[in-house]
Amino acid sequence: QDLRMMSFQQALPRLTQLAESTDFVAAVAHLREEQKDLERQLWEERIAIHRKHENKVKVTQTKASLIGGGISQHEADMLNDAFRKELRKFDAERVLFAWDGLLQKQQSTLESLGVPTMFPSDLRADREVSIEAATKTWTNLIAGLIETTESGSSVGSFNPLDIYYSANEKFDRIWPKTVRAFSREGGRYCWTLFSYIILFCKLVGALSLVHFLLLSRMPYIDIPSRDDYVSIWYITNSVHGNVGSFDPARPTCILLHPLFLDSSWLIRHFDDPRLSRDYNLIAFDQRTCGRSRCRPSQWHDSYVDAADIAMVCQALLLPPAHILAFECISVNAALRLAALWPEQVLSLTLCDVPPPTELQWVFHAYDELLQLWCYAPDLDSFEHAGNEVVTFMTGEVSATSRLLNRSQLIAYWEKYTPPTKRLRIVELVNIMMNRTLMRPEEFASIGCPVLIIQGEASPIAPLKYAENLKQLLINARDGPRLYVVRGAKACLNILPGSASIVNQVFSKFLAQQPRTRSDLLPPKLSIREQSKVALSKLAEFVGIPSIAQRDPCSPLSFSCVKTDVAKSQLENLLFYAKGLDKAYCPLGRDGRPLRKYSERKKEAHWFQGDKHGNSYIGTFACSAGSPYRASQYHRHFRAQSRSQLQGI
C-alpha cells in the first residue's frame, strides 16, 4: 500500500512498529539535532542584528552628547524603522528559507524511513491534515502552545523561533489536561487520535507542529475548492504587517507586482512616504510567484488571477481600494477585476500596458529564454539565462551602473524559480502566450477613474497600445488619463528614477479622488454570493451561459481558456515536468545562492566561444528541444487582434 495515502487508522500500527526500531529512533534523533543546530545558528544571527542596532544607538547617543543635546525624535524613529526592517528581512529571507530547506530534508528522510503520509512537498494542503472531530480541541492545544508569544508580542513582530523554545516545555505541561478534554469529548476515538498526535510529536520533536505554527502565523490566505488549491501571500505597510492594523481613516491601495517577480519588488513604493504616510498599502503574490503556492493548472488565465484577488480581498474584509498594477499579468488581472467586481475598485492605475497579444519577436524571445532558464545544467548557465532575462525585461544591454539590481534579480530567481520549480515559469508563460482579448463590452463596463503610466521607449509594451486602451475605456470616470515617462524603457518599478516618477504621478492622481475610509466591515453578500454575481457577468460578456452555473468557490471557474488551448497548455506542463527531480538547483544547503552574480569571473565568458567559434552553450541549450508552441487558437487570435487594432 502507498504510504503517502494511508489513513489515520492505517498509519497508527505502522508508527507503533517504527517506534520500536532503534535505528529509526536514532535517525529521528539526528533530525532533531540538525534542527537544533539550525535554530541555534539562526538565533545567533538574530542576536548579532540586535547588537548591531545597540551599537548604532550608542554611537548616535555619543554624537548627540558631544554637541550637548540628545537624540531627536526623527533620529530615534529612523533607527527603529531600520531595525524593524532588518529584522523582517532576516525573518523573510533567511529564517523561512533555511526552515523550508530543513523541512524538505526532513520530509525526504522520513519518507525514506517509511513514515506514513510523509513525502517532500511545499503545499500547505499536503503538509496539514484537518480532522473534523478534533478541530476544536486541537485549536485549543495550538492556542496553549503559543499563549506566551501572543501575550508577549504582536503578530507582526513575533520571533518565529520563540515558538520552538516554548513548545517542548509547554507541551509536557498541557498535554495531560488536553487528553482529559479529548476523553470527555469523544471517548475512545479521540483518545486514539490524540495518542497518535502525541506519538508523532514525541518522535519527531514536534517538527511538523512547529512548522504548522509558523505557517499559521504567516500572512497567507487559502482559497480551497474541489478542483483547485491556492495559498496567496500578502504584505502590508501596517505596523504589525496585517490588515487588522490598518488605519481606518486612510484609503487602501492594492499593488500588483510586475512579471517574473513578487511583492517584495514593490519596496520602492512601500518605502515612499508619499504613499506609505497617507494610504494603507497591501500587495499580493500572484499564485505562481513568490511565496504563494498553487497546484499547476492548464486552466489558469488572467480571469483566474482576478478571481484570486477578489476572493482574497473579500476574505480579508478589505474595503474598496485603489489598484496600482505593473506590466502584463497584473494589468490584465486588474482590468478584469474592475469589469467583474466593480464594487471593489475605486480607481485603476496601469503601468506598462502590454499589447492584447504578445508581439511575434517577444514570443520567440520567451521561447528561447524558457529553454535557457528551465534546463540550465549549472550555475554559470543559469546566471547567463537570468542575465538575458534582465536584459529582455529592462532593455539594458549590459550590466552597467544604470542597473544596480541585476545581481539581486538573478539571486531572487535562484531562490524562487530555479529549474527545480520551472513549472511556475511555464504556467506564467502559458498565460502570456495564450491570453485572449477582452471584449469591448468588458472595457465599456469599467466606470472607475483610470490612469495609464507608460514608458516612452518600452520595446515589449509600445506606447501605441496604451493609447489604444485609452480609446477603449469609453466610460471611465472623467475619461482615462495617459502619462508618458520620457525615456523610460521598462520596469518602471525597479529602476529608482522611474519608480519615483510613478509614485509622484500616482500620489497626485489619488489626491484628486474622493477620500474614503478603510473600516473592516463584513460585506452584505458572502464570498459565494459575490462570486455568483461575477460569474453571471462573465457569462454575459463572453456569451457562454454555462459559466454562470460553475462552482462560485473556485477561482478556476472564472477561466475563459478554450479547450484546445487548455490541451496545449497541459502538454507544455507535462513536458516540462519530465525529469523535474533531476533539475539543477543553484542554491546551497543553507537555502542561499552559491554566489552573487557580481562575483563571477570577469574575463571573457565561455558563452562567447573560442577562436574556432566553439562554445559550451551549444552543447546543451537546444538539447531539450523546443516543445513550447502557441495553440492554433492563439495564432489565429493574434492575427485577428492585430487587424482589429489597425482599425482603431
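Residues numbered from 1 in each chain as written. Predicted model: local features only at pLDDT ≥ 70, side-chain atom pairs only at ≥ 80, totals over all residues. Heavy atoms only, no water.

## Some remarks on the nonpolar core
Here is step 1: In terms of nonpolar packing, the biggest core is built from 57 residues, with Phe284, Leu348 and Phe558 touching the most fellow members.
Here is step 2: Val362, Leu423, Val429 and Met432 belong to the second-largest nonpolar core, a separate cluster that totals 43 residues. (Core = buried A, V, L, I, M, F, W, Y, C linked by side-chain atoms within 4.5 Å. Buried < 20%, exposed > 50% of the residue type's maximum accessible area, 1.4 Å probe, protein only.)

## Focus on the packing of aromatic side chains
Here is step 1: Across all of its chains, the model carries 14 aromatic pairs by this definition.
Here is step 2: Look at Tyr220 and Trp233: their rings are 5.2 Å apart centre to centre, the planes differ by 75°, and that puts the pair in the edge-to-face class. Of this pair, Tyr220 sits in strand 1 (residues 220-224) while Trp233 is found in strand 2 (residues 229-236), placing the two residues 13 residues apart along the sequence.
Here is step 3: Considering the side-chain rings of Tyr412 and Tyr416, the 4.7 Å spacing of their centres and the 35° angle between planes classify their relative orientation as tilted. Highlighted residues: Tyr412 and Tyr416, both in helix 15 (residues 406-416), separated by 4 residues, approximately one helical turn.
Here is step 4: Look at Tyr416 and you get buried, because its relative accessible area is 8%.
Here is step 5: These aromatic residues form a ring-pair network of at least three members: Phe260, Trp361, Tyr366, Trp373, Phe382, Phe392 and Trp413.
Here is step 6: When the ring centre of Trp233 is taken as origin, the NZ or CZ atom of Arg291, which lies over that ring, is 4.8 Å away. (Phe/Tyr/Trp six-rings, centres within 6.5 Å; stacked < 30°, edge-to-face > 60°. Helix = DSSP H or I, 4+ residues; strand = E, 2+ residues; numbered from the N terminus. Lys NZ or Arg CZ within 6 Å of the ring centre and 35° of its normal.)

## A closer look at the pattern of salt bridges
Here is step 1: Following the criterion strictly, the structure yields 19 salt bridges and no others.
Here is step 2: A salt bridge links Lys105 to Glu34; the nearest nitrogen and oxygen atoms lie 2.8 Å apart. Of the two residues, Lys105 is situated in helix 3 (residues 73-112) and Glu34 in helix 2 (residues 22-66); the sequence distance between them amounts to 71 residues.
Here is step 3: We note a salt bridge from Glu86 to Lys52, for which the minimum N-O separation is 3.5 Å. Here Glu86, found in helix 3, pairs with Lys52, found in helix 2; they are 34 residues apart in sequence, far enough to count as distant.
Here is step 4: Using a relative accessible area of 26% as the deciding quantity, one classes Glu86 as partly exposed.
Here is step 5: For Lys52, a relative accessible area of 39% corresponds to the partly exposed category. (Salt bridge = Lys/Arg side-chain N within 4 Å of Asp/Glu carboxyl O.)

## Here's the deal with unusual backbone geometry
Of all residues except glycine, most have a negative phi; of all peptide bonds, most are trans.
Here is step 1: With a phi angle near 70°, Glu327 is a residue other than glycine that sits in the positive phi range.
Here is step 2: Mapped onto the elements of the fold, Glu327 is located in helix 12 (residues 327-340).

## So, helix 3
Here is step 1: Along its 40 residues, helix 3 runs 57 Å from first to last C-alpha, staying within 8% of the 58 Å computed at 1.5 Å per residue.
Here is step 2: At Asp91, helix 3 shows its maximal bend, which comes to roughly 30°. (Expected span 1.5 Å × (residues − 1). Bend = angle between axes of the 7 residues up to and from the residue.)

## Considering the pairing of strand 6 (residues 321-326)
Here is step 1: With respect to burial, strand 6 is a largely interior element, 6 of its 6 residues being buried.
Here is step 2: Sheet topology note: the strand 3 (residues 252-256)/strand 6 ladder contains 4 bridges and is parallel. Opposite Ile254, over in strand 6, you have Ile323 as the bridge partner.
Here is step 3: Here 6 bridges tie strand 6 to strand 7 (residues 345-351), and the two strands are oriented parallel to one another. (Pairing = 2+ DSSP bridges.)

## A short note on helix 12
Here is step 1: Look at helix 12: 20 Å from first C-alpha to last across 14 residues, which is about the 20 Å you get at 1.5 Å a residue.
Here is step 2: Burial analysis of helix 12 places 14 of its 14 residues in the buried class, the great majority of the element.

## Remarks on the side chain of Gln454
Here is step 1: With respect to the element layout, Gln454 can be found in strand 8 (residues 450-455).
Here is step 2: Judged by relative accessible area, Gln454 falls into the buried class, the value being 0%.
Here is step 3: A distance of 2.6 Å separates a polar atom in the side chain of Gln454 from the backbone nitrogen of Val353. (Polar contact = N/O pair within 3.5 Å; in protein donor to acceptor, adjacent residues only side chain to side chain.)

## Here we look at the environment of Pro419
Here is step 1: You can see Pro419 is positioned in the loop between helix 15 and helix 16 (422-433).
Here is step 2: In sequence terms Pro419 and Asp581 are 162 residues apart; their C-alpha atoms lie 9.8 Å from each other.
Here is step 3: Each residue touching Pro419, except ones within four places of it in the same chain, is listed here: Trp373, Cys374, Ala376, Phe382, Leu580, Ala583, Tyr584 and Pro586. (Contact = heavy atoms within 4.5 Å.)

## Side note on the packing of helix 13 (residues 360-374) against helix 14 (residues 379-394)
The description of two helices packed together rests on the angle between their axes and the distance between the axes.
Here is step 1: Helix 14 packs onto helix 13 with a crossing angle of 160° between their chain directions and a minimal axis gap of 9 Å. In terms of their interaxial angle, helix 13 and helix 14 are classed as roughly antiparallel. Pair helix 13 / helix 14 crosses with left-handed handedness. Of the residues in helix 14, those touching helix 13 at Trp361, Val362, Ala365, Tyr366, Leu369, Leu372 and Trp373 are Phe382, His384, Ala385, Glu388, Val389 and Phe392.
Here is step 2: Looking at the contact of helix 13 with helix 14 residue by residue, the class counts come to 11 nonpolar, 1 polar and 1 charged. (Axes fitted to C-alpha atoms, helices over the stretch in contact; angles between N-to-C directions. Parallel < 35°, antiparallel > 145°, perpendicular 65-115°, else oblique. Left-handed = near helix turned anticlockwise from the far one by under 90°. Nonpolar A, V, L, I, M, F, W, Y, C, P; charged D, E, K, R; others polar.)

## Regarding the packing of helix 14 against helix 15
Here is step 1: The contact between helix 14 and helix 15 brings their axes to 10 Å, and the two run at 120°. Taken together, helix 14 and helix 15 sit at an angle that is classed as oblique. The two elements helix 14 and helix 15 cross, and the hand of that crossing is right-handed. In this structure, helix 14 uses Leu379, Phe382, Glu383, Gly386, Asn387, Val389, Val390, Thr391 and Met393 to contact helix 15, whose residues at the interface are Arg406, Leu409, Ile410, Trp413 and Glu414.
Here is step 2: Partitioning the contact of helix 14 with helix 15 into residue classes produces 8 nonpolar, 3 polar and 3 charged.

## Remarks on the pairing of strand 7
It is a general feature of regular strands that their side chains alternate between the two faces of the sheet.
Here is step 1: By the criterion of burial, strand 7 is predominantly enclosed, with 6 of the 7 residues buried.
Here is step 2: In the classification by handedness, the crossover that spans strand 6, the intervening helix 12 and the parallel strand 7 is right-handed.
Here is step 3: Here 4 bridges tie strand 7 to strand 8, and the two strands are oriented parallel to one another. Its bridge partner lying in strand 8, Thr349 is registered against Leu451. (Right-handed = clockwise from strand over helix to strand, strands pointing away.)

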